[in-house]
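Listed below, chain by chain, are the residues.
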Amino acid sequence: MLLQAFLKNGFALKNGNKSWEITELQYLGLTDDLAKGFLSFSSTPMYRKQFFELEIDMIRKQASVIAGEIGSEDFNLIDIYCGDGLKAVEFIKEFNSKNNGAVNIRYCPLNSSQYLLDLAVSNVKKAGIPNVHDYQPYLSSGDGRALREIGDNLKSGVYKKNVVIILGGVIACFDINEYLFEINRDLNKGDVLVIGNGVRVGERLVDIHKYKHPSFHEWFKHLMLHLGFDKKDIEFDARFGNSRVEFLYRIKKEMVKKVGDKSIVFKPGDEFVIATLYKYYAEEFDKFCKMYFENPKIFMDKDQEYALVVCKK
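The text that follows walks through the structure, step by step, so that each part is easy to find.

Criteria and cut-off values
- Residues numbered from 1 in each chain as written.
- Predicted model: local features only at pLDDT ≥ 70, side-chain atom pairs only at ≥ 80, totals over all residues.
- Heavy atoms only, no water.
- Helix = DSSP H or I, 4+ residues; strand = E, 2+ residues; numbered from the N terminus.
- Rg over C-alpha atoms; globule rule 2.2 N^0.38 Å.
- Buried < 20%, exposed > 50% of the residue type's maximum accessible area, 1.4 Å probe, protein only.
- Contact = heavy atoms within 4.5 Å.
- Phe/Tyr/Trp six-rings, centres within 6.5 Å; stacked < 30°, edge-to-face > 60°.
- Lys NZ or Arg CZ within 6 Å of the ring centre and 35° of its normal.
- Pairing = 2+ DSSP bridges.
- Axes fitted to C-alpha atoms, helices over the stretch in contact; angles between N-to-C directions.
- Salt bridge = Lys/Arg side-chain N within 4 Å of Asp/Glu carboxyl O.

Things to note about the overall build of the chain
Piece 1. If you tally the helices and strands in the chain, you get 10 helices and 16 strands.
Piece 2. For 313 residues, the compact-globule formula gives about 20 Å, and the C-alpha radius of gyration of the chain, at 20 Å, lands near that figure.
Piece 3. In terms of overall dimensions, the chain has C-alpha extents of about 60 × 45 × 35 Å along its principal axes.
Piece 4. Here the chain holds 313 residues, and 54% of them are scored as buried.
Piece 5. Sequence separation of at least 24 residues holds for 73% of the intrachain contacts in the chain that already meet a minimum separation of 6.

Some remarks on the packing of aromatic side chains
Piece 1. A full pass over the atoms with the stated rule returns 25 aromatic pairs.
Piece 2. Aromatic pair Phe-11 and Trp-20: ring centres 4.9 Å apart, planes at 55°, arrangement tilted.
Piece 3. Their ring planes at 85° and their centres at 6.4 Å tell us that Phe-38 and Tyr-47 sit as a pair that is edge-to-face.
Piece 4. The exposure class assigned to Tyr-47 is buried, which follows from its relative accessible area of 8%.
Piece 5. Connected via pairs of aromatic rings, a cluster forms that spans Phe-38, Phe-41, Tyr-47, Phe-51, Tyr-211, Phe-216, Trp-219, Phe-220, Phe-236, Phe-247, Tyr-249 and Tyr-306.
Piece 6. In this structure, Lys-18 is placed above the aromatic ring of Phe-11, and the distance from its NZ or CZ to the ring centre is 4.8 Å.

With respect to the sheet that holds strand β1 (residues 11-14)
Piece 1. Strand order in the open sheet formed by five strands is β1-β2-β13-β10-β9, and the pairing between neighbours is mixed. A strand with exactly one partner marks an edge of an open sheet, and here the two such strands are β1 and β9 (234-241). Mean inter-strand twist for the sheet, computed between neighbouring axes without regard to direction, equals 30°.
Piece 2. Contacts from helix α9 (residues 214-226) reach β9, β10 (244-251) and β13 (271-277), with the element oriented near 55° to β10.

Some points on the environment of Ser-72
Piece 1. Within the secondary structure, Ser-72 is located in the loop between α4 (63-70) and β3 (75-80).
Piece 2. Look at Ser-72 and you get exposed, because its relative accessible area is 67%.
Piece 3. Linking Ser-72 and Asn-99, residues 27 residues apart in sequence, is a C-alpha distance of 8.1 Å.

Let's talk about the pattern of salt bridges
Piece 1. In this structure the tally under the stated criterion is 17 salt bridges.
Piece 2. Residue Lys-297 pairs with Glu-69 through a salt bridge whose shortest N-O separation is 3.7 Å. A residue pair is termed long-range when its members are at least 10 positions apart, and Lys-297 in strand β15 (residues 297-300) and Glu-69 in helix α4 qualify at 228 residues.
Piece 3. What makes Lys-297 partly exposed here is its relative accessible area of 30%.
Piece 4. Given a relative accessible area of 15%, Glu-69 falls into the buried group.
Piece 5. A salt bridge links Glu-271 to Arg-250; the nearest nitrogen and oxygen atoms lie 3.6 Å apart. With Glu-271 in strand β13 and Arg-250 in strand β10, this pair connects stretches of sequence that are 21 residues apart.

Here it is as structure tokens:
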């Protein structure tokens, strides 16, 4: 699958070397090793502080607003790139604190990893939340931008509303303009979208050293290993390019891989761009949300470095 994606995307030439790109988020959870690599990454203090503790604190402070937008109708909670499901547990608890658990919820995690789907469902069940009555996990073959593969199919029985949560900075892996366009098209009137994401303060492209932290390599390396490279034959790096952060590997040893009747030759110095991150200023985040939703509610943390957005269609 990975090699076919490389063939499909093609390559660019940089200083005489090939630069291959495969940055769809779905590939970073494709195997159990990659899924466990993400879990290890998400437990680091760097991630935990901003994308769990801070995010949950903001959800707690805005629980009344979120509950008000969702209302009293039973709903599907669609958890995009769900991780271990623990953020969804906290989200549901905070929502329930404002309506005494009177709204029935079907938990619907979406991920490209069966391992993470099973873990998320297990963790929500272990939480023992009385008003979570049903579960409908979705193993996604897409990139998580569009809900058309699941959205309408979920609106059955008592669950006529969809509430979509995109937490943990997931949306930073996408061009936000394209992402919001796609997801807005797939929401129906009355559906609610909640996004948590970091925002930039100061200069746009600075502090690249933060993205060269070994914890990124410990997660991403599994993708290269599954392609058949040895650890000693790859070198991890991060850089700014195309107004985003690009995570990449350079290879040190030639390798030939066959896909059907075609051969791909990877030579020393060739690059694999395997993940990207976009980070926007608060005013840019606000502008994009207002392009696709009427009166989105945008909340900032005290340091103005993280945004929680609540949108209702």
